[in-house]
Every structure is written in C-alpha cells, then in structure tokens.
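# Structural features, examined
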Amino acid sequence: MLKHIDHRPWPPPNSPWKMAQTWSDLLFMHWPLSPDVLRPVIPASLEIDTFEGQTWIGVVPFRMSEVHPRLLPSVPWLSAFPELNVRVYVRAEDKPGVYFFSLEAGNPLAVLLARQFFHLPYFRAAMTCQRIDDWVQYRSARHIDSAAQFVGRYRPIGAPFTAPIGSLEDWLTARYCLYTTNARGDLFRGEIHHAPWPLQHAEAIIEKNTMTLPIKIALPDVPPLLHFSHRLEVVVWLLNRVNRS
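Reference entry: report on the structure contained in this document.

Conventions used here
- Residues numbered from 1 in each chain as written.
- Predicted model: local features only at pLDDT ≥ 70, side-chain atom pairs only at ≥ 80, totals over all residues.
- Heavy atoms only, no water.
- Helix = DSSP H or I, 4+ residues; strand = E, 2+ residues; numbered from the N terminus.
- Rg over C-alpha atoms; globule rule 2.2 N^0.38 Å.
- Buried < 20%, exposed > 50% of the residue type's maximum accessible area, 1.4 Å probe, protein only.
- Pairing = 2+ DSSP bridges.
- Salt bridge = Lys/Arg side-chain N within 4 Å of Asp/Glu carboxyl O.
- Phe/Tyr/Trp six-rings, centres within 6.5 Å; stacked < 30°, edge-to-face > 60°.
- Lys NZ or Arg CZ within 6 Å of the ring centre and 35° of its normal.
- Contact = heavy atoms within 4.5 Å.
- Core = buried A, V, L, I, M, F, W, Y, C linked by side-chain atoms within 4.5 Å.
- Arc of directions from axis to C-beta.
- Polar contact = N/O pair within 3.5 Å; in protein donor to acceptor, adjacent residues only side chain to side chain.

## A closer look at the overall build of the protein chain
Helix and strand content of the protein chain: four helices and twelve strands. The C-alpha radius of gyration computed for the protein chain amounts to 17 Å, which stays within 12% of the reference 18 Å derived for 245 residues, consistent with globular compactness. Counting only C-alpha atoms, the protein chain reaches 45 × 45 × 40 Å along its principal axes. Scored against the burial criterion, the 245 residues of the protein chain give a buried share of 50%.

Quick look at the structure:
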C-alpha cells in the first residue's frame, strides 16, 4: 500500500505504521453548513476547512474488520464490528484532516482502547449492519444517550469512480489525518494512509438520524450528498502532538 503515495497531498510518516484496518460497506452522508455554525463546537486550536466558502458535516456508517496491530494477526472478538462516526473538516499547520464529534462502535473493548490511546470520543452502541439483497441495513443506538440514534438502509448506484483532485468529492474524502484533543486541550494529529477512495453514488432511506443532537447541531433540511464505498484498506500511526503558537 505504501508504494502508492502520489495521490497524497503530503508523504506518509517515515516511521512504521502501528495498526491496520479495513472499512467496508461505507456510506458518506454529507450536509452543507456555514462555518459559523461549527465554530463554537470546534477546538480553538483548529481551523475550520471550507470548500467554496462553506463546510460540510458527515454522518458515516460502515463495518470495521481485520483490525490488528502491526506484526500481529486480527482476532475475531475484537477485529470486526460496526462503526458510525460524525465528522467535520478542519486543518492545522496547513494539513487538512478530520475532526470527530463522535464515533459509535459495537465492541466495548475497542471503545475503551480508542479512548485511552487515541483520545477519540468513542461511544458504545447497540449496532447491527447486514446486507439484504443489494441494500445495507444499519441500526445504531448509543448506550448512554438515547438521543444518538441512526436507522436506515443504503446501497450503491452507478459504476465506481475516483473523485477528481480538486472536486468536492475529493475534498470530502481525501483526508489523511485526524485531529483530536486530550482533557487538557492539547492538540494531536493521527496520520493514516490508504489508496484513493473507490466511490459510487448512492441512495439511502433514512428512518432516523439524530446523531448530531448531542452536539446541538441541526442538520439542514436538504437531501444529503451520498457516496458509497465497498471496501478500503487503511493503515494508522499513533498520535503526535501538534505544537501551536
């Protein structure tokens, strides 16, 4: 995977990656927002990234599998589970990345490890993700906050494509790091690497989506921009502190 890096805006780290994952049956649901709406809920150490003057918020359900540390195999009881995240787009030191408001996971040990080692806002949830014909049926309900729920089904339509560099689809998906903060407010960057996203246009029937209610952000009353990805292999590095003046 690391032999192919020409699509990246900067090279991957020289140090060995620490964890591998595979993301499958993923749906990007994106809504446009004014940056002013997000500013109160984004750490001051991060700049809000924009595309043609507006930013976007994403709700992203998928299946995580083949999760394992470097040089160790995956194990069935830890390495495969549904995951759903709520994300926005930010930058620091001119590196564009993702900031997560929340990440739901169906595996309690994965939640514990991600919170401890990656300072990420993971939450345990009751989740199911299954294929029915060509649809992916998805349900998630957070254990400690019944307001955070998602119920829907989705499927790809159209042929796979790679988003042209500079397009909105590329801006939304070609992100090679995440940002997070610890309890003291220190800013960290976590680098990731993967091939260009194999995207397809998608359709979805959303029965319930209250994932942004806990952060008091109302999604605009417009249809979301939808993209599907069947499978993507990813490698992850440990966090590094971002020094901000």
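Right, picking up where we left off after that structure.
## Looking at the pairing of strand S12 (residues 225-241)
By the bridge criterion, eleven bridges tie strand S1 (residues 19-33) to S12 in an arrangement that is antiparallel. Note that in S12 the partner of methionine 19 across the bridge is valine 236. Note: strand S10 (residues 187-194) against S12, six bridges, orientation antiparallel. In the sheet register, phenylalanine 188 faces S12, and the bridge partner there is arginine 241. In this structure, strand S11 (residues 199-209) lies alongside S12, joined through two bridges in antiparallel fashion. Looking across to S12, one finds that glutamine 200 is bridged to phenylalanine 228.

## As for the pattern of salt bridges
Evaluated as defined, the whole model comprises 15 salt bridges. Across the salt bridge formed by glutamate 191 and arginine 8, the nearest N and O atoms sit 3.8 Å from each other. Of the two residues, glutamate 191 is situated in strand S10 and arginine 8 in the segment before S1; the sequence distance between them amounts to 183 residues. By the burial criterion, glutamate 191 is buried, and arginine 8 matches it.

## So, the packing of aromatic side chains
Tallying each qualifying case throughout the model produces eight aromatic pairs. Consider the rings of tyrosine 89 and tryptophan 171, whose centres lie 5.3 Å apart with planes at 55°: the pair is tilted. Taken together, the residues span a long stretch of sequence, with tyrosine 89 in strand S4 (residues 81-92) and tryptophan 171 in helix H4 (residues 168-173) at a distance of 82 residues. Taking relative accessible area as the criterion, tyrosine 89 reaches 0% and is therefore assigned buried. Residue tryptophan 171 is classed as buried on the basis of its relative accessible area of 12%. With 5.6 Å between their ring centres and 90° between their planes, tyrosine 99 and phenylalanine 101 make a pair best called edge-to-face. Summarising the burial analysis for this pair, tyrosine 99 and phenylalanine 101 share the class buried. An aromatic cluster is built from Trp23, Phe28, Phe62 and Trp197, whose rings are joined through pairwise contacts. Taking NZ or CZ as reference, arginine 70 lies 4.8 Å from the ring centre of tryptophan 17, over its face. The side chain of arginine 175 reaches across the aromatic face of tryptophan 171, ending 4.6 Å from its centre.

## Observations regarding the side chain of serine 140
Following the sequence through the fold, serine 140 ends up in strand S7 (residues 135-142). Judged by its relative accessible area of 3%, serine 140 is buried. Sequence-distant contacts of serine 140, defined by excluding residues within four places in its chain, comprise Leu84, Glu104, Ala125, Ala126, Met127, Ala148, Gln149 and Phe150.

## A short note on the nonpolar core
By size, the foremost hydrophobic cluster in this structure holds 37 residues, and its most contacted members are Leu38, Ile42, Leu46, Ile57, Phe101 and Tyr179. Looking at this core, the element that brings in the most residues is S4, giving five residues. Discounting chain neighbours no more than four positions away, the residues touching leucine 38 are Leu33, Ile48, Thr55, Val88, Phe101 and Ile217. With 34 residues, the next largest nonpolar core counts Phe51, Phe118, Val236 and Leu239 among its residues.

## Quick notes on helix H3 (residues 108-118)
Of the positions making up H3, those classed as buried are Ala110, Val111, Ala114 and Phe118. The arc that holds the buried residues of H3, viewed along the axis, is 105°, so those residues lie on one side. Across H3 from its buried face, at more than 90 degrees, point the exposed residues Leu112 and Phe117. Residue asparagine 107 occupies the N-cap position of H3, its side-chain oxygen lying 2.9 Å from the main-chain nitrogen of leucine 109. Looking at the residues trailing H3, positive phi occurs at histidine 119, about 55°.

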